[in-house]
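In case you want the letters, here they are:
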Amino acid sequence: MANKRWFQVGVAVLLTLVIIFMFMEVKTIFSPLVIIGQTIFMPLLIGGVLFYLARPLQKWLESMKFPRWASIISIFIAIGLIGWGFYALVGPPLTKQVNSLVENTPEIVKEIGDFTKYTISQRDRLTDLPEPIQNTIKEATGKIDTIAAVAGSLLVKFVQSVFQGLFLLVLVPFFLVYMLKDHEKFAPFVANFFKGDKKTWIRKTLSDVDDTLRSYIQGQLFVSFLVGVMLFIGYFAIGLKYALLLALFGMMMNVVPFLGPYIALVPALIIALLQEPKMAIYVAIVMLVSQQIESNFITPNVMGKSLDIHPLTVITIILAAGNIAGLWGIILGVPTYAVVKSILKNIYVHREGIKDAATESI
C-alpha cells in the first residue's frame, strides 16, 4: 500500500499540515525573520520588477560587447533619463490636476454628501416600486456611511503606504545592482546542492520559473501601459476632468488581474457624475472599448499563452489570495500560482520520465 500514489500524496499532505501547525505553534521564534522579510519585501519586489524590465536592455548591451559594469551603469542612466522624461512630459499637467483635485475635494465631498442625503430622503417615496427593489435600495443607502468610512480608511492607508514605499526606495538600487550583476549565478548556486539528474532538473525548473516571471512582469506592465494610454486618449476626447490622473490610476489598477479595471472605473464615474451626469455614460464606453481592445487584441499578442491560466482560475485565485493576504495577495496571487504551476508541471514530467525509464529497463 505504501507504493500507491494516493497513499504517498496523503502522507505528503499530512506532513505538510503538521509542519505548518508546528510553525504556527513556535511562530514567536521566527518573528525576527518575519520583521526582516517585511522590511526587505517592498524594495526586493520593486527591484525584481525593474530587473526583469531592464534585462532585455542588458542582454542587448552585452551583445554589443559592453562589459557587465558598463551595461549596469547604462541601465541606471536609461532609468534616470526615462524618469526625467516622464516627469518633464507628465509632471506639470499631473501636478496641476492633483492640486486642482485637492482644492476641489471639499466641494466634491459636499456634493457627494448632498447626493447621499437626497438619496436617503427618497427612500420613503419608493412605494411605487416592487418590494424587493425597495428593500435593495434601502439596504444600499443604509450602508453609504459605512462605505464612506471604509473608503476614508483605505485612503489613509494608501497614503501611508506611499510614504513608506518612498522611504524604502532607497534600498531598491542596491537590490537592482546585485540582481543585474549576479543573476546568472543563482541557478548554478542552487543546483550545486544536487547531483546527476536532479541537478539538471533543478536547472530546468529554475529556468522555467524565470521565464514565467519574465513573461508575466514584462507582458503585464506593457499591457497596463497601453491601457493607460487608451484611457487617457478616451478621457481627454470626451473632456473628462483629471483625465491624466484617472488614466494613470487606471494603468496602475490594470496590474491587478480581472478586478483592476472595475476598481479604476469607480473614481472616473464619480468625477464624471459630478461634472455632468451623461459624462458617466461616455466614461463607461471608454472603459468598455479599452478593455475589449486589451483583452481581444493586446494581451493575446503581447502575453500569448505563456501563462495559460483559465479566467475562472484567475477569479478563484484573486478571491482566495485577497482573503488571505489582502491587496498584496490580489496583486501577487496570479504570478505566484503561475510559478507554482510551473514547478508542479516539472515535477510531474520528471516523475513520468523516471517511470518510463524504469518500465523500459524491465
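Reading the values: rules and limits
- Residues numbered from 1 in each chain as written.
- Predicted model: local features only at pLDDT ≥ 70, side-chain atom pairs only at ≥ 80, totals over all residues.
- Heavy atoms only, no water.
- Helix = DSSP H or I, 4+ residues; strand = E, 2+ residues; numbered from the N terminus.
- Buried < 20%, exposed > 50% of the residue type's maximum accessible area, 1.4 Å probe, protein only.
- Contact = heavy atoms within 4.5 Å.
- Areas by Shrake-Rupley, 256 points an atom, 1.4 Å probe, with all protein chains shown as cover.
- Core = buried A, V, L, I, M, F, W, Y, C linked by side-chain atoms within 4.5 Å.
- Salt bridge = Lys/Arg side-chain N within 4 Å of Asp/Glu carboxyl O.
- Polar contact = N/O pair within 3.5 Å; in protein donor to acceptor, adjacent residues only side chain to side chain.
- Axes fitted to C-alpha atoms, helices over the stretch in contact; angles between N-to-C directions.
- Parallel < 35°, antiparallel > 145°, perpendicular 65-115°, else oblique.
- Left-handed = near helix turned anticlockwise from the far one by under 90°.
- Patch = residues over 30% accessible without salt bridge, like charges linked within 9 Å, V, L, I, M, F, W, Y side chains within 5 Å.
- Phe/Tyr/Trp six-rings, centres within 6.5 Å; stacked < 30°, edge-to-face > 60°.
- Nonpolar A, V, L, I, M, F, W, Y, C, P; charged D, E, K, R; others polar.

Another point: the overall build of the chain. Assigned secondary structure in the chain consists of 11 helices and 0 strands. Going residue by residue from the N terminus, the α and β elements of the chain occur as α-α-α-α-α-α-α-α-α-α-α. Burial analysis of the chain (362 residues in total) assigns 25% to the buried set. Put simply, 68% of the contacts in the chain that link residues at least 6 apart link residues at least 24 apart. About 24500 Å² of surface is accessible on the chain, with carbon and sulfur atoms providing 72% of the total.

Moving on, we come to the nonpolar core. Ranked by internal contacts, the top residues of the largest apolar core, which has 21 residues, are Leu-231, Tyr-235, Leu-240, Leu-246, Ala-272, Val-283 and Met-287. Of all the secondary structure elements, the ones that give two or more residues to this core are helix 7 (196-238), helix 8 (243-253), helix 9 (260-275) and helix 10 (279-302). Among the elements that make up this core, the one with the highest residue count is helix 10 (6 residues). Excluding residues that lie within four positions of it along the chain, Ala-272 makes contacts with Leu-240, Pro-277, Met-279, Ala-280 and Val-283. Counting residues in each nonpolar core, the second largest holds 19 residues, with Leu-61, Ile-75, Ile-217 and Ala-338 among its members.

Counted according to the given criterion, the structure contains 8 salt bridges. Across the salt bridge formed by Arg-68 and Glu-62, the nearest N and O atoms sit 2.3 Å from each other. Between Asp-182 and Lys-181 there is a salt bridge; the shortest N-O distance is 3.2 Å. Looking at Asp-182, the relative accessible area reads 22%, which means it is partly exposed. Classification of Lys-181 by relative accessible area gives partly exposed; the value is 40%. What emerges from the salt-bridge pattern is a single network uniting Glu-62, Arg-68 and Glu-184.

Right, let's talk about the side chain of Asn-346 for a bit. Relative to the helices and strands, Asn-346 is located in helix 11 (residues 311-361). By relative accessible area, which is 6% here, Asn-346 ends up buried. Once residues within four sequence positions are removed from consideration, Asn-346 is found in contact with Trp-201, Lys-204, Thr-205 and Asp-208.

We now examine the side chain of Ser-71. Here Ser-71 lies in helix 3 (residues 68-121). Polar contacts involving the side chain of Ser-71 include one to the side chain of Glu-62, which spans 3.5 Å. Those residues in contact with Ser-71 that sit more than four places away from it in its chain are Gln-58, Leu-61, Glu-62 and Phe-66.

How two helices pack is summed up by the angle between their axes together with the distance between the axes. It is at 8 Å that the axes of helix 8 and helix 9 come closest, and there the two elements cross at 165 degrees. By the criterion of interaxial angle, the relationship of helix 8 to helix 9 is roughly antiparallel. Of the two possible hands of crossing, helix 8 and helix 9 adopt the one that is right-handed. Each of Leu-246, Phe-249, Gly-250 and Met-253 in helix 8 lies in contact with helix 9, whose residues at this interface are Gly-260, Ile-263, Ala-264, Pro-267, Ala-268 and Ile-271.

Now for a nonpolar patch on the surface. Taken together, the side chains of Phe-222, Phe-225, Val-229, Phe-232, Ile-233 and Phe-236 make up a nonpolar region of the molecular surface, amounting to roughly 590 Å² of accessible area. Mapped onto the elements, Val-229 comes out in helix 7. For Val-229, a relative accessible area of 35% puts it in the partly exposed group.

What follows is about unusual backbone geometry. Non-glycine residue Lys-65 carries a positive phi angle of around 70 degrees. With respect to the helices, strands and loops of the structure, Lys-65 is situated in the loop between helix 2 (31-63) and helix 3. Look at Tyr-242: it is not a glycine, yet its phi comes out positive at around 55 degrees.

This brings us to the packing of aromatic side chains. Taken as a whole and judged by the stated rule, the model has 3 aromatic pairs. Where Phe-189 meets Phe-193, the ring centres are 5.4 Å apart and the plane angle is 90 degrees; that geometry is what we call edge-to-face.

This paragraph deals with the packing of helix 6 (residues 172-191) against helix 7. Contact geometry for helix 6 and helix 7: axes closest at 9 Å, N-to-C directions at 150 degrees. The pairing of helix 6 with helix 7 is recorded here as roughly antiparallel in orientation. Of the two elements, helix 6 crosses helix 7, and the hand of that crossing is right-handed. Along its contact with helix 6, which presents Phe-186, Ala-187, Pro-188, Val-190 and Ala-191, the element helix 7 presents Lys-199, Ile-202, Arg-203 and Leu-206. Considered class by class, the residues forming the contact of helix 6 with helix 7 number 7 nonpolar, no polar and 2 charged.

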